[in-house]
There are 2 protein chains.
Amino acid sequence: MRIMTLQPASGALVDQIVARLEQAILTGELAQGQKLSEQTLSDRFGVSRGPLREAIRTLEGRQLLERTPFSGVRVVQLSLDDLEQLLTTREALEGMASRQAAENMTLHETRQLRVRLAAFEDSYRREGVDGVFRVRSAGDDLHTLIVRGSRNRWLIDIICNELYPLLQICRFQSTAVTLRTRQRIEVVHREHEAIIVAIERRDADAAEAAMRAHLVASRTILMAQLRGEPPATAVAGA
Amino acid sequence: MRIMTLQPASGALVDQIVARLEQAILTGELAQGQKLSEQTLSDRFGVSRGPLREAIRTLEGRQLLERTPFSGVRVVQLSLDDLEQLLTTREALEGMASRQAAENMTLHETRQLRVRLAAFEDSYRREGVDGVFRVRSAGDDLHTLIVRGSRNRWLIDIICNELYPLLQICRFQSTAVTLRTRQRIEVVHREHEAIIVAIERRDADAAEAAMRAHLVASRTILMAQLRGEPPATAVAGA
DNA sequence: ATATAAGATATTGTTGACAATCTCGCTTAT
DNA sequence: ATAAGCGAGATTGTCAACAATATCTTATAT
């Protein structure tokens, strides 16, 4: 029997590097726009430059790193406009995911949505967590549950592996956003419930519309806050 | 002055390999599900395994290759369900792109749409090309023009660099789909015009709805044909 | 003093060799 | 005769050295 090593030893060394690098970027340990030298990183992770370069290529494909030939790689730097476009893209994708979830989720899965909603209500009654940039590492929050319920491998991949990491990055450039009044939190709760109701009724149109309305409202309010404008009675047109 | 080399020598060797590998996959030269050995590929392209492996990692990120550790890489194999999910994801993304195109396109760009529509009409009057899987290598067809007009870097990237290549692959597993009656072609033309009209009027809702209707109709008819069912008076609900 | 150009240095790009792992064919025992 | 176990071959994973390119420093000329 072999002694259990500390690191999970998930087969290829490259995958470990990808995970650790992504973690470092998502936690803000590596700041946005920071230039990374291969030598430094390979020393830091204790591996050669070969696997490291493959890991960089992988993260580059997920838009977390940007490379300029013969110059080096930098952590992606997201502007306010980038964030807005990201949230708009999310509306399209999660809207469709919600539609397909209404069509394809099992009865058991829809019950899990109710469980999640209750847990969410408990947690924000206690701590008032921020909704948009919520850490999805657990992979069982409401939005992720709905996305996976779509049974659409492309939607699941794009949303969970590309969009969510990019949104997570933005969380660390705007930590001051966590104000989120109790009022808004209760609105979010109602919006979440509207989505679940639509999915339970297998009403695809309503499910997409409800998700879109929820995300449009969140984006509008968030961008207004970030840009320092008054919220101006945010309209939630689907 | 240096003698011009045959290959464009676009900086990094890896990028050339990526382009050539992608080309080989998209043209069907490398069949779906085919197993690829690194040694064979590196011999074929006349490069070492280092850059080749980086290229493989890049294509893997675009879902064109699938890797199983210590076993090798295979060209992605797309089922009929995969294609349907792909087309559904496309509806979400291009629908939103059309919406943002209505909001952000310049006047000059909207005129280009008209030019493209006329050119498209000419070409299908002569050859009757298939619409869904049209080769987008030129990068100036109607759909690409609209997507770029959205000014949304994430939409543009996902649609052009991920979705379109995957759709292109499907083209070679279903060459028998090129029937496409003249009747359908004229309907497509009207749908295209409806999209352009909405964009010209800066009507975002209408632009998204028109694009969605167009793509839903195309998907419905295509899948019905591929699955051998009768088209059954395809409804085009937005 | 400033701007330009040439060289030194550091970093990225590439290569071939070495180690770890899997696959397939062969032997052997029931 | 068939199945399990072993070993040879092939393939993937990793590493350290070499070549190409960019960046920074320094010297020189205006």
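Residues numbered from 1 in each chain as written. Chains lettered and ligands numbered in written order. Predicted model: local features only at pLDDT ≥ 70, side-chain atom pairs only at ≥ 80, totals over all residues. Heavy atoms only, no water.

(A) A look at the sheet that holds strand 2 (residues 65–68) of chain A. Residues and elements named next belong to chain A. Read from one edge to the other, the open sheet built from three strands follows the order 1-3-2, with strand pairing classed as antiparallel. The open sheet terminates on both sides in strands that have one partner only, identified here as strand 1 (35–36) and strand 2. Packing against the sheet, helix 3 (residues 49–61) makes contact with strand 2 and strand 3 (72–75), and its axis sits at approximately 110° to strand 2. (Pairing = 2+ DSSP bridges. Helix = DSSP H or I, 4+ residues; strand = E, 2+ residues; numbered from the N terminus. Contact = heavy atoms within 4.5 Å. Axes fitted to C-alpha atoms, helices over the stretch in contact; angles between N-to-C directions.)

(B) Main features of the protein's contact with DNA strand D. Around DNA strand D sit 15 residues in total, of which Leu13(A), Ser48(A), Arg49(B), Arg53(B) and Arg67(B) are the nearest. Backbone atoms, meaning sugar plus phosphate, form 73% of the atoms of DNA strand D positioned within 4 Å of the protein. Contact between DNA strand D and Glu38(B): a phosphate oxygen at 3.3 Å from a main-chain N or O atom of the residue. Within the contact set of DNA strand D, a base nitrogen lies 2.8 Å away from a side-chain nitrogen or oxygen of Arg49(B). Where the surface near DNA strand D is concerned, the elements lending two or more residues are helix 1 (13–26) of chain A together with helix 3 (49–61) of chain B. For the surface near DNA strand D, the residue count by class is eight nonpolar, three polar and four charged. (Near = heavy atom within 4 Å. Polar contact = N/O pair within 3.5 Å; in protein donor to acceptor, adjacent residues only side chain to side chain. Nonpolar A, V, L, I, M, F, W, Y, C, P; charged D, E, K, R; others polar.)

(C) Region of interest: the relation of the copies chain A and chain B. For the pair chain A and chain B, the superposition axis carries a translation of 0.0 Å, the fit reaches an RMSD of 0.1 Å, and the rotation angle comes to 180°. Both copies are brought into coincidence by an operation consistent with a two-fold rotation axis. Both copies contact each other with a shared surface, as 100% of the interface residues of chain A are interface residues in chain B too. (Least-squares fit on C-alpha atoms with pLDDT ≥ 70 in both.)

(D) Spotlight on the pairing of strand 2 of chain A. All names here are of chain A. Relative to strand 3, strand 2 is paired through four bridges, and the arrangement is antiparallel. Directly across from Thr68, in strand 3, lies its bridge partner Gly72. As consecutive antiparallel partners, strand 2 and strand 3 are separated by three residues, and within that stretch Phe70 has a phi angle of approximately 65°, a positive value.

(E) Fine view of the sheet that holds strand 2 (residues 65–68) of chain B. Residues and elements named next belong to chain B. In spatial order, the strands read 1-3-2; together these three strands make up an open sheet with antiparallel pairing. The sheet is open, and its two edges are formed by strand 1 (35–36) and strand 2, each paired on a single side. On the sheet, helix 3 packs against strand 2 and strand 3 (72–75) and is oriented at approximately 110° with respect to strand 2.

(F) Helix 8 (residues 182–200) of chain B, seen in detail. Residue and element names in this part refer to chain B. Taking 1.5 Å of rise per residue, 19 residues should cover 27 Å, and helix 8 covers 27 Å from first to last C-alpha, within 8% of that figure. For helix 8, the complete set of buried residues consists of Arg184, Ile185, Val188, His189, Glu191, His192, Ile195, Ile196, Ala198 and Ile199. Looking one or two residues beyond helix 8, the residue adopting positive phi is Arg202, at roughly 60°. (Expected span 1.5 Å × (residues − 1). Buried < 20%, exposed > 50% of the residue type's maximum accessible area, 1.4 Å probe, protein only.)

(G) How the structure looks around the protein's contact with DNA strand C. Around DNA strand C sit 16 residues in total, of which Arg49(A), Arg53(A), Arg67(A), Leu13(B) and Ser48(B) are the nearest. In DNA strand C, atoms within 4 Å of the protein come from the sugar-phosphate backbone in 71% of cases. Here a phosphate oxygen of DNA strand C sits 3.5 Å away from a polar atom, N or O, in the main chain of Leu36(A). Between DNA strand C and the protein, one listed contact pairs a base nitrogen with a side-chain N or O atom of Arg49(A) at 2.7 Å. Secondary-structure elements contributing two or more residues to the surface near DNA strand C are helix 3 of chain A together with helix 1 (13–26) and helix 3 of chain B. For the surface near DNA strand C, the class distribution of residues is eight nonpolar, four polar and four charged.

(H) Spotlight on the pattern of salt bridges. The full count for this structure, using the stated rule, is 46 salt bridges over all chains. The salt bridge partner of Arg227(B) is Asp81(B), with a shortest N-O separation of 2.8 Å. Residue Arg227(B) is located in the segment after helix 9 (204–226), and its partner Asp81(B) is located in helix 4 (residues 80–104); the two are separated by 146 residues in the primary sequence. Among the residues examined, Asp81(B) registers a relative accessible area of 46% and is labelled partly exposed. Beyond isolated ion pairs, a larger network of salt bridges with shared partners links Asp15(A), Glu54(A), Glu38(B), Arg49(B), Arg53(B), Arg57(B), Glu60(B) and Arg67(B). (Salt bridge = Lys/Arg side-chain N within 4 Å of Asp/Glu carboxyl O.)

(I) Spatial organisation of the interface of chain A and chain B. With 31 residues of chain A at the interface, the matching set in chain B holds 31 residues. It is Glu54(A), Arg57(A) and Trp154(A) that lose the most area in chain A upon contact with chain B, and together they represent 24% of the buried surface on that side. Our count for the contact surface shared by chain A and chain B stands at 11 salt bridges. Remark: the boundary between chain A and chain B carries 20 residue pairs in polar contact (both at pLDDT 80 or more). Among the secondary structure elements, those contributing two or more residues to the side of chain A that touches chain B are helix 1, helix 3, helix 4 (80–104), helix 7 (153–171) and helix 9 (204–226) of chain A. Sorting elements by how many residues they give to the side of chain A that touches chain B places helix 4 of chain A first, with 11 residues. Across the side of chain A that touches chain B, the residue classes tally to 10 nonpolar, seven polar and 14 charged. (Buried area = accessible area lost by both parts, 1.4 Å probe.)

(J) Spatial organisation of the confidence of the model for chain A. Residue and element names in this part refer to chain A. For chain A, per-residue confidence averages 85 on the pLDDT scale, and 81% of positions sit at 70 or higher. Considering each helix and strand of chain A separately, the mean pLDDT is smallest for helix 5 (residues 107–126), with a value of 85, and largest for helix 4, with 97. Confidence drops under pLDDT 50 across residues 230–238; counting only partners more than four residues distant or on other chains, this segment forms eight contacts. (pLDDT = per-residue confidence, 0-100.)

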